[in-house]
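# Residue-level structure breakdown
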Amino acid sequence: MTDSRTFNTLFLCTGNSARSQMAEALLNHLGQGRFRAYSAGSHPAAAVQPLAAELIAALGLPAAYLRTKSWDEFDMPGAPVMDFVITVCDNAAGEACPVWAGHPVLAHWGVPDPARTPDDPKGFRDAWITLRRRIELLLALPLDKLDHLAREQELRAIGQQGGQP
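Notes on the structure follow. (Residues numbered from 1 in each chain as written. Predicted model: local features only at pLDDT ≥ 70, side-chain atom pairs only at ≥ 80, totals over all residues. Heavy atoms only, no water.)

## Here's the deal with the side chain of T68
- Secondary-structure assignment places T68 in the loop between helix 2 (50-58) and strand 3 (84-87).
- For T68, the side chain forms a polar contact with the main-chain oxygen of A45, separated by 2.7 Å.
- Once you skip the residues sitting within four places of it in the chain, T68 turns out to touch G15, N16, S17, Q21, P44, A45, A46, A47 and V48. (Helix = DSSP H or I, 4+ residues; strand = E, 2+ residues; numbered from the N terminus. Polar contact = N/O pair within 3.5 Å; in protein donor to acceptor, adjacent residues only side chain to side chain. Contact = heavy atoms within 4.5 Å.)

As structure tokens, this is what we get:
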């Protein structure tokens, strides 16, 4: 039996300005319709970090759709039900998250924050490489053969992968 449905995935970070934006763009691109990715933050920044937007555009994706958003948008009636909720920064991992409809798989994939040095392209490239490697591991999972607990264990194990260049 093949699971042909689309998996909704929400990447969370405190500011939703860099790592979660990059993860959203990467999974939407690499997932080839098997995934629909979103991103949000607990305390969204005013704008997406310019170097993050440049990396996303370099992937060939339009950057015009990028915007920071609160995770409250995904906790409202009519919001997409998530299959996976993945935090990508240490702050969001320790915060009290909303109770998500549908009981999604929860995992933490901590990535150093490139926005701490917003003018240093290396930090953004390193975060991009780490996220790409982890997303490629996610895409390699036989999700149609894994139950909820096994999916959670696999996603959490991916977060333990170094991925740093």
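## Section: the sheet that holds strand 2 (residues 35-41)
- Spatially, 2-1-3-4 is the arrangement adopted by the 4 strands of the open sheet, whose pairing is parallel. Each of the sheet's edge strands pairs with one partner strand only, and the pair in question is strand 2 and strand 4 (105-108). Averaged over all pairs of adjacent strands, the angle between strand axes in this sheet comes to 20 degrees, irrespective of strand direction.
- For strand 3 and strand 4, the ladder comprises 4 bridges, and the chain directions are parallel. Bridge pairing links I86 to A107 in strand 4.
- Set on the sheet, helix 5 (residues 148-160) makes contact with strand 1 (7-13), strand 3 and strand 4; between it and strand 4 the angle comes to about 15 degrees. (Pairing = 2+ DSSP bridges. Axes fitted to C-alpha atoms, helices over the stretch in contact; angles between N-to-C directions.)

## So, the pairing of strand 1
- Buried residues dominate strand 1, accounting for 7 of its 7 residues.
- Residues F7, T9, F11 and C13 point to one face of strand 1 and N8, L10 and L12 to the other, with burial holding for every one of them.
- The sheet contact formed by strand 1 and strand 2 spans 7 bridges and is parallel. Pairing of L12 across the sheet is with A40, part of strand 2.
- Once the chain exits strand 1 it traverses helix 1 (residues 19-30) before rejoining the sheet at strand 2, and the crossover so formed is right-handed.
- Relative to strand 3, strand 1 runs parallel, the two sharing 4 bridges. Bridging from a neighbouring strand, L10 pairs with V85 of strand 3. (Buried < 20%, exposed > 50% of the residue type's maximum accessible area, 1.4 Å probe, protein only. Right-handed = clockwise from strand over helix to strand, strands pointing away.)

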